[in-house]
Amino acid sequence: ASEGTGFLGTAVFQFQSAHWKGGSELNFGLFRLGSDVLGETGEICDEHGGCRTWPVHCLSARLDWLPGSLGDRAQAVASAWNGTVA
């Protein structure tokens, strides 16, 4: 990315793994929900389900259901861009 002039950018398909979908959908995402709850949202309303609040979780970069280094994909992306995952 730092050499040449043809590179325009990149995109990530899914920021967070979709735990609620399960199965093969867990193969996507850079982060998972952590176990710590930091707070909750204000009321969020849905035309089909009414209004409610939702927990706000910390994120974890370790996708421990994936084998080997596949579970460290957030760190791999950060390293490719000379960055870090805190």
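For the structure itself, consult the block above.
Bear in mind that the values here come from a model prediction, so they are computed numbers and not experimental data.

Quick notes on the rules
Residues numbered from 1 in each chain as written. Predicted model: local features only at pLDDT ≥ 70, side-chain atom pairs only at ≥ 80, totals over all residues. Heavy atoms only, no water. Helix = DSSP H or I, 4+ residues; strand = E, 2+ residues; numbered from the N terminus. Rg over C-alpha atoms; globule rule 2.2 N^0.38 Å. Buried < 20%, exposed > 50% of the residue type's maximum accessible area, 1.4 Å probe, protein only.

(A) Seen up close, the overall build of the protein. Looking only at helices and strands, one finds one helix and four strands in the protein. For 86 residues, the compact-globule estimate of 2.2 N^0.38 gives 12 Å, and the C-alpha radius of gyration of the protein, at 17 Å, exceeds that figure by more than 25%. The C-alpha extent of the protein, read off along each of the three principal axes, is 50 × 30 × 25 Å. For the protein, buried positions account for 17% of its 86 residues.

(B) Structural detail: unusual backbone geometry. In this structure, asparagine 82 takes a positive phi of about 55° despite not being glycine. Structurally, asparagine 82 is set in the segment after helix H1 (73-80). By relative accessible area, asparagine 82 is classed as exposed at 77%.

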